[in-house]
Amino acid sequence: MSCRSSRLAGFGHAAPARCVGNAEIEMQLGLEVGWIERRTGIRRRHWAGDGETLSGLAAQAAHMALDDAAIAREGIALTLLATSTPDHLLPPSAPLLAHKLGLPNSGAIDLAGACSGFLYALTLADGFVRSQGRAVLVVAANILSRRINPAERASAVLFADAAGAVVLVPEQGQRSGLISADLASDGGGYDLISIPAGGSSKPFSSDANPEEFLMTMRDGREVFSRAVELMTKTSQRALEQAGIGASEIDRFVPHQANARMFDAVSDRLGIDPARVVRTIETYGNSSAATIPLSLSIANSQRRFAPGEKLLLTAAGAGLTGGAVVLGT
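A short tour of the structure in this document, coming up. Everything numeric in this text was worked out from a predicted model, so none of it was measured.

### Observations concerning empty space enclosed by the protein
Using the criterion set out here, one finds one cavity of 30 Å³ or more in the structure. Of the voids in this model, the largest cavity is the one considered here, and its volume is about 40 Å³. For the largest cavity, the full set of lining residues is Ser6, Arg7, Leu8, Leu122, Asp126, Leu168, Gly177, Leu178 and Leu326. Among the secondary structure elements, those contributing two or more residues to the lining of the largest cavity are strand 1 (5-14), helix 5 (117-132) and strand 8 (177-185). For the lining of the largest cavity, the element with the highest residue contribution is strand 1, accounting for three residues. The class makeup of the residues in the lining of the largest cavity is five nonpolar, two polar and two charged.

### A closer look at the sheet that holds strand 11 (residues 251-254)
For sheets, the rule is that strands pair by backbone hydrogen bonds, running either parallel or antiparallel. As summarised here, the arrangement of the four strands in space is 8-13-12-11, forming an open sheet in which the pairing is mixed. Edge positions in the sheet fall to strand 8 and strand 11, since each of these pairs with one other strand and no more. Within this sheet the neighbouring strands show an average axis-to-axis angle of 10°, counted without direction. Pairing of strand 8 with strand 13 (residues 320-327) involves eight bridges; the strand directions are antiparallel. In the sheet register, Leu183 faces strand 13, and the bridge partner there is Gly322. Across the sheet, helix 7 (residues 220-242) touches strand 8, strand 11, strand 12 (309-316) and strand 13, and the angle it forms with strand 8 is around 145°.

### A short note on the sheet that holds strand 5 (residues 107-111)
Strand order in the open sheet formed by five strands is 1-7-6-4-5, with mixed pairing between adjacent strands. Of all strands in the sheet, those with a lone pairing partner are strand 1 and strand 5, marking the two edges. Strand-to-strand twist in this sheet, taken as the mean axis angle between neighbours without regard to direction, amounts to 20°. Across six bridges, strand 4 (residues 76-82) lies against strand 6 (residues 135-143) in parallel orientation. In the sheet register, Ala82 faces strand 6, and the bridge partner there is Ala140.

### Looking at the layout of surface pockets
Approximately 1,200 Å³ is the volume attributed to the largest pocket. As for the largest pocket, its lining consists of 36 residues, and the residues nearest its centre are Ser84, Thr85, Ala112, Arg147 and Ile195. Residue assignment for the lining of the largest pocket shows that the elements contributing at least two residues are strand 5 and strand 9 (193-194). Looking at side-chain class alone, the lining of the largest pocket contains 19 nonpolar, 12 polar and five charged residues. Taken together, 26 residues line the second largest pocket, and the ones lying closest to its centre are Ala154, Leu158, Met217, Gly220 and Asn258. Those elements giving two or more residues to the lining of the second largest pocket turn out to be helix 2 (35-40), helix 6 (153-156), helix 7, helix 8 (259-269) and strand 12.

### A closer look at the nonpolar core
Core analysis: the biggest nonpolar cluster contains 45 residues, and Leu311 and Val325 have the highest contact counts within it. Here the element with the most residues in this core is helix 7; it accounts for eight residues. In this structure Val325 touches Gly177, Leu178, Ile179, Ser180, Ala238, Leu239, Ala242, Ile244, Leu310 and Leu311, once residues within four positions along its chain are discounted. If you look at the next biggest cluster of nonpolar residues, it comprises 31 residues, including Phe118, Val166, Ile291 and Leu310.

### Remarks on helix 4 (residues 94-101)
Within the span of helix 4, buried status applies to Ala94, Leu97, Ala98 and Leu101. One face of helix 4 carries all of its buried residues, which in axial projection span an arc of 95°. Buried positions along helix 4 lie against helix 3 (54-69), strand 4, strand 5 and strand 6. A positive backbone phi angle near 70° is found at Gly102, which sits one or two residues after helix 4.

About the thresholds
- Residues numbered from 1 in each chain as written.
- Predicted model: local features only at pLDDT ≥ 70, side-chain atom pairs only at ≥ 80, totals over all residues.
- Heavy atoms only, no water.
- 1 Å grid on protein atoms, 1.4 Å probe; cavity = no way out; pocket = protein on both sides within 12 Å on 5 of 7 lines; lining within 4 Å.
- Points joined across faces, edges and corners; volume = space filled by probe spheres on them.
- Helix = DSSP H or I, 4+ residues; strand = E, 2+ residues; numbered from the N terminus.
- Nonpolar A, V, L, I, M, F, W, Y, C, P; charged D, E, K, R; others polar.
- Pairing = 2+ DSSP bridges.
- Axes fitted to C-alpha atoms, helices over the stretch in contact; angles between N-to-C directions.
- Contact = heavy atoms within 4.5 Å.
- Core = buried A, V, L, I, M, F, W, Y, C linked by side-chain atoms within 4.5 Å.
- Buried < 20%, exposed > 50% of the residue type's maximum accessible area, 1.4 Å probe, protein only.
- Arc of directions from axis to C-beta.

Dropping the structure here:
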């Protein structure tokens, strides 16, 4: 049974207990005190400890979102998990997540969209809710600390572990849920951020260089400029599709890659800095998880009111990115 739109009914987030301050990383890399915060806006981040798993972290955020939505576990028809760090290459982690959550009627699949994975999952979830009239759980989670090359400054200072989740339910209102979306990719930047080995084109071998299985950023400046351009253009197109101006956005929730990056995007769009949701200072960059984590934290601080307009945007490895306008 189809419906007119979806509605964000529940929000959740989680992070590992271990909190890592900048001083620890600056000392390891031989950086002057304050270097990381000046360049990125990050003060600290959370890293998983021994025994913590991606599916376990995702389940913590999902439990919070399901409880916040006050929805029966039987009511979830689909679970989408956006992640770049699944528990295993095979099988996917989403079925295990659905099992841990006790979702007896839910399909489950992983989506590998890097930093923009949550936006793609959200767009697919909205289409499912509209066509099927059934609720969807969207979770984004990453344990990037296990993929960091501690000797590479460009990535070692940024990445973190966290999870965020939302529950989408059917809604008959016309201006709630996903109002517009603009998704984009630029494969010309395919190798700007990568984990070179471990896939089918360069599988594991006993004589492989261990660093090839860790994250590398080939050109940080190029990533910055292309990401700002991608996030700005997709946001402009999403706003145009929605028929609203940037001044009508109540809260801007960008991917928390780098504070200078999303400040540049908000400036280009003409969005008041007071309307920008910021979590990067205390949670760092957890890739796809940053937007749902930010949504959950923003909602816990001041609940989204009916009729609010939200703009979400992200760009990341691939290159892939996009923007979404949501109504609450």
